[in-house]
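If you want the building blocks of each chain, they are given just below.
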Amino acid sequence: MNVPEPQSTNRETPTFLTLPGQGVVLTSLVALFAFTGPFGTYDTIGPLARLGYWSVALGANWLVCASVNMLALRYLAGASWPRRTLAVAGLSLLTAVPGTGVVFTAEAVFRPGYVAAGMLPTVYLSVTVLMFAITILILLLAAARGPAAQSSPEARRMGGAERFLDRLPEKIGRDLVCLRMADHYVEVFTTLGSALVLMRFADAVAELESAGGLRVHRSHWVSRAHVQGVLRRDGSTILRLTGDREIPVSRGYLADVKAAGLV
């Protein structure tokens, strides 16, 4: 019998900054760049022009480039830090193409003639590095912010489900079918396989409050989406799930199962 490798409970995925939080970071960066005047802007244009220049250059690039990177990071939420960093690097090379166009537009408006067409490779490389650095900054800030910063009850519930799913190995996916108590572990079954997670069963059920399932037995939790039918066997109620898996319903949870419309 092959026993799934237990998964650590320490693999947490950071939440992402809210739009107001991103606005604070962007405003801070614009103010910093306008004050310090990097890339020659301090010596070539005045304070108000620098503020306008960096508002355009950073603001537009944030929308065009950083947004794409952060969407990709959401998709890779369960991936390791090296993999996410590599993804950000690759996407920064790609999104720096329109980003370079943004910079040339800002140059044409605020200091025409300063940047020649021959400087295109240098500008492109600068934009790539800048987008990479900004996205990594957002990721680090989100990690430092942590799950506790989620304010609303709904956000906390959704965050709990995400935290649980992030504990699963990538090879079994995130499409939950059911959970089973296994001593100090929770055995998780998905449409692609199974794994053991070291945590209390009650804690797993609590984290999955928003995941579209319910506890049907002292030792079992099922996803409603994967309930295929109901059986009666020796006076007991059995739920038939995806993959022909059968889960018993205990009398103590039968009312909840009926209220959910599964029986």
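To be clear, the structure that these remarks concern was listed above.
A few points on the structure.

## Digging into unusual backbone geometry
Reasoning step 1: The backbone of Asp 234 sits at a positive phi, close to 55°, despite the residue not being glycine.
Reasoning step 2: Inspection of the secondary structure assignment puts Asp 234 in the loop between β7 (227–233) and β8 (236–241).

## With respect to the side chain of Thr 100
Reasoning step 1: Summarising the element assignment, Thr 100 is placed in helix α4 (residues 81–110).
Reasoning step 2: By relative accessible area, Thr 100 is classed as buried at 4%.

## Thoughts on the packing of aromatic side chains
Reasoning step 1: If you walk through the whole model with that rule in mind, you get four aromatic pairs.
Reasoning step 2: Seen from their ring centres, Tyr 53 and Trp 54 are 5.0 Å apart, and the 75° between their planes marks the pair as edge-to-face. Summarising the burial analysis for this pair, Tyr 53 and Trp 54 share the class buried.
Reasoning step 3: Members of the aromatic cluster, each reached through a chain of ring pairs, are Phe 33, Phe 39, Tyr 53, Trp 54 and Phe 110.

## Digging into the layout of surface pockets
Reasoning step 1: Roughly 270 Å³ of volume is contained in the second largest pocket.
Reasoning step 2: In terms of lining, the second largest pocket is formed by 17 residues, of which the most central are Phe 39, Tyr 53, Val 103, Val 123 and Ser 126.
Reasoning step 3: Contributions of two or more residues to the lining of the second largest pocket are made by α3 (47–75), α4 and α5 (120–145).
Reasoning step 4: Its residues placed into classes, the lining of the second largest pocket shows 12 nonpolar, three polar and two charged.

## Topic: α4
Reasoning step 1: Considering bend angle alone, the principal kink of α4 is centred on Ala 96 and spans about 40°; proline Pro 98 follows within four residues of it.
Reasoning step 2: Within α4, the full set of buried residues consists of Arg 84, Val 88, Ser 92, Thr 95, Ala 96, Gly 99, Thr 100, Val 102, Val 103, Ala 106 and Glu 107.

## What to know about the nonpolar core
Reasoning step 1: Counting 21 residues, the largest nonpolar core has Leu 29, Tyr 53, Trp 54, Leu 58 and Ile 134 as the members making the most contacts within it.
Reasoning step 2: Those elements that provide at least two residues to this core are α1 (19–36), α3, α4 and α5.
Reasoning step 3: At six residues, the largest contribution of residues to this core is made by α3.
Reasoning step 4: Ignoring sequence-local partners within four residues, the contact set of Leu 29 consists of Leu 58, Trp 62, Ile 134 and Leu 137.
Reasoning step 5: Counting residues in hydrophobic clusters, the runner-up holds 17 residues, among them Leu 176, Ala 195, Ala 204 and Leu 208.

## Brief notes about the pairing of strand β3 (residues 185–190)
Reasoning step 1: Most of β3 sits out of view: five of its six residues are buried.
Reasoning step 2: Direction of pairing for strand β2 (residues 176–182) relative to β3: antiparallel, over a ladder of six bridges. By the bridge assignment, Cys 178 is partnered in β3 with Phe 189.
Reasoning step 3: Connecting the antiparallel pair β2 and β3 is a turn made up of two residues, with Asp 183 showing a positive phi of about 55°.
Reasoning step 4: The pairing of β3 with strand β4 (residues 194–198) spans five bridges and is antiparallel. Residue Phe 189 lies in a different strand from β4, and its bridge partner there is Ser 194.
Reasoning step 5: Hairpin connection between β3 and β4: a loop of three residues separates the two successive antiparallel strands.

Conventions and cut-offs
Residues numbered from 1 in each chain as written. Predicted model: local features only at pLDDT ≥ 70, side-chain atom pairs only at ≥ 80, totals over all residues. Heavy atoms only, no water. Helix = DSSP H or I, 4+ residues; strand = E, 2+ residues; numbered from the N terminus. Buried < 20%, exposed > 50% of the residue type's maximum accessible area, 1.4 Å probe, protein only. Phe/Tyr/Trp six-rings, centres within 6.5 Å; stacked < 30°, edge-to-face > 60°. 1 Å grid on protein atoms, 1.4 Å probe; cavity = no way out; pocket = protein on both sides within 12 Å on 5 of 7 lines; lining within 4 Å. Points joined across faces, edges and corners; volume = space filled by probe spheres on them. Nonpolar A, V, L, I, M, F, W, Y, C, P; charged D, E, K, R; others polar. Bend = angle between axes of the 7 residues up to and from the residue. Core = buried A, V, L, I, M, F, W, Y, C linked by side-chain atoms within 4.5 Å. Contact = heavy atoms within 4.5 Å. Pairing = 2+ DSSP bridges.

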